[in-house]
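In case you want the letters, here they are:
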Amino acid sequence: MKAVVEDITNSETRDAVRSSFQAQFKGSQFADVKRKAIDELRAVSGLLDTKAPEEAAAFKAWLLSVAQKSAEAGKEGGFLGFGGVAVSEAEQATLAEISSALGASAAPGAGTAQSPSV
């Protein structure tokens, strides 16, 4: 997991990942992007379970935590900053799909949006 975090902090790696994602999702509609992203999370989950079973749960929890923090980043609805909800129903549904794709062991709130410490 440390290697993943170190790779993410490398600007060349970030650029390569960004380019790969842009190529993979180019021309896709939102529903397709969401489906492809969820499919990728399922693949990552399986890979983690196979290649790093002792670290899989913590890494999945961290990924889910990042998704949760992203969903909470801005309020939905309301007017001029009043009212609204922190996480919309659509975001909650997507978080449930992400949790399912990552497996039941990655419960919301189990990790933090900071780098894994393993």
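Caption draft 1: Focus on the overall build of the protein chain. Per the secondary structure count, the protein chain includes five helices and zero strands. Tracing the protein chain from N to C terminus, the helices and strands come up as α-α-α-α-α. Counting only residues that meet the buried cut, the protein chain has 25% of its 118 residues in that class. Of the contacts made within the protein chain by residues no fewer than 6 positions apart, 60% connect residues no fewer than 24 positions apart. For the protein chain, the computed accessible surface area is about 7,800 Å², with 57% contributed by carbon and sulfur atoms.

Caption draft 2: Local environment of helix 2 (residues 11–25). In a regular helix each residue adds 1.5 Å, so 15 residues correspond to 21 Å; helix 2 covers 21 Å between its end C-alpha atoms and thus fits that length. Sitting at the amino-terminal end of helix 2 is Asn10, which places a side-chain oxygen 2.7 Å from the backbone nitrogen of Glu12.

Caption draft 3: Quick peek at the packing of helix 1 (residues 2–9) against helix 2. One can describe the packing of helix 1 onto helix 2 by two numbers: an axis separation of 5 Å at closest approach and a directional angle of 90 degrees. Regarding the angle of helix 1 to helix 2, the classification is roughly perpendicular. Contact residues: helix 1 offers Asp7, Ile8 and Thr9, while helix 2 offers Ser11, Thr13 and Arg14. Class assignment for the residues of the contact of helix 1 with helix 2 results in one nonpolar, three polar and two charged.

Caption draft 4: Main features of the pattern of salt bridges. All chains considered together, the criterion is met by five salt bridges. The partner of Arg42 in a salt bridge is Asp39, and the shortest N-O contact between them spans 3.2 Å. You can see Arg42 and its partner Asp39 sitting in helix 3 (residues 30–51), three residues apart, about one turn around the helix. The exposure class assigned to Arg42 is partly exposed, which follows from its relative accessible area of 43%. A relative accessible area of 34% places Asp39 in the partly exposed class.

Caption draft 5: The packing of helix 4 (residues 53–71) against helix 5 (residues 89–102), seen in detail. Where helix 4 meets helix 5, the axes come as close as 10 Å, and the angle between the chain directions of the two elements is 170 degrees. Put simply, helix 4 runs roughly antiparallel to helix 5. Counting all contacts with helix 4, which are made through Lys60, Leu63, Leu64, Ala67, Gln68 and Ala71, the residues of helix 5 involved are Glu91, Leu95, Ile98, Ser99 and Leu102. Split by residue class, the contact of helix 4 with helix 5 holds seven nonpolar, two polar and two charged.

Caption draft 6: Seen up close, the layout of surface pockets. In this structure, the largest pocket encloses a volume near 1,100 Å³. For the largest pocket, the lining is made up of 31 residues, of which Val17, Phe21, Leu41, Val44 and Leu63 are closest to its centre. Every element with two or more residues in the lining of the largest pocket is listed here: helix 1, helix 2, helix 3, helix 4 and helix 5. Top contributing element to the lining of the largest pocket by residue count: helix 3, with eleven residues.

Rules used throughout
Residues numbered from 1 in each chain as written. Predicted model: local features only at pLDDT ≥ 70, side-chain atom pairs only at ≥ 80, totals over all residues. Heavy atoms only, no water. Helix = DSSP H or I, 4+ residues; strand = E, 2+ residues; numbered from the N terminus. Buried < 20%, exposed > 50% of the residue type's maximum accessible area, 1.4 Å probe, protein only. Contact = heavy atoms within 4.5 Å. Areas by Shrake-Rupley, 256 points an atom, 1.4 Å probe, with all protein chains shown as cover. Expected span 1.5 Å × (residues − 1). Polar contact = N/O pair within 3.5 Å; in protein donor to acceptor, adjacent residues only side chain to side chain. Axes fitted to C-alpha atoms, helices over the stretch in contact; angles between N-to-C directions. Parallel < 35°, antiparallel > 145°, perpendicular 65-115°, else oblique. Nonpolar A, V, L, I, M, F, W, Y, C, P; charged D, E, K, R; others polar. Salt bridge = Lys/Arg side-chain N within 4 Å of Asp/Glu carboxyl O. 1 Å grid on protein atoms, 1.4 Å probe; cavity = no way out; pocket = protein on both sides within 12 Å on 5 of 7 lines; lining within 4 Å. Points joined across faces, edges and corners; volume = space filled by probe spheres on them.

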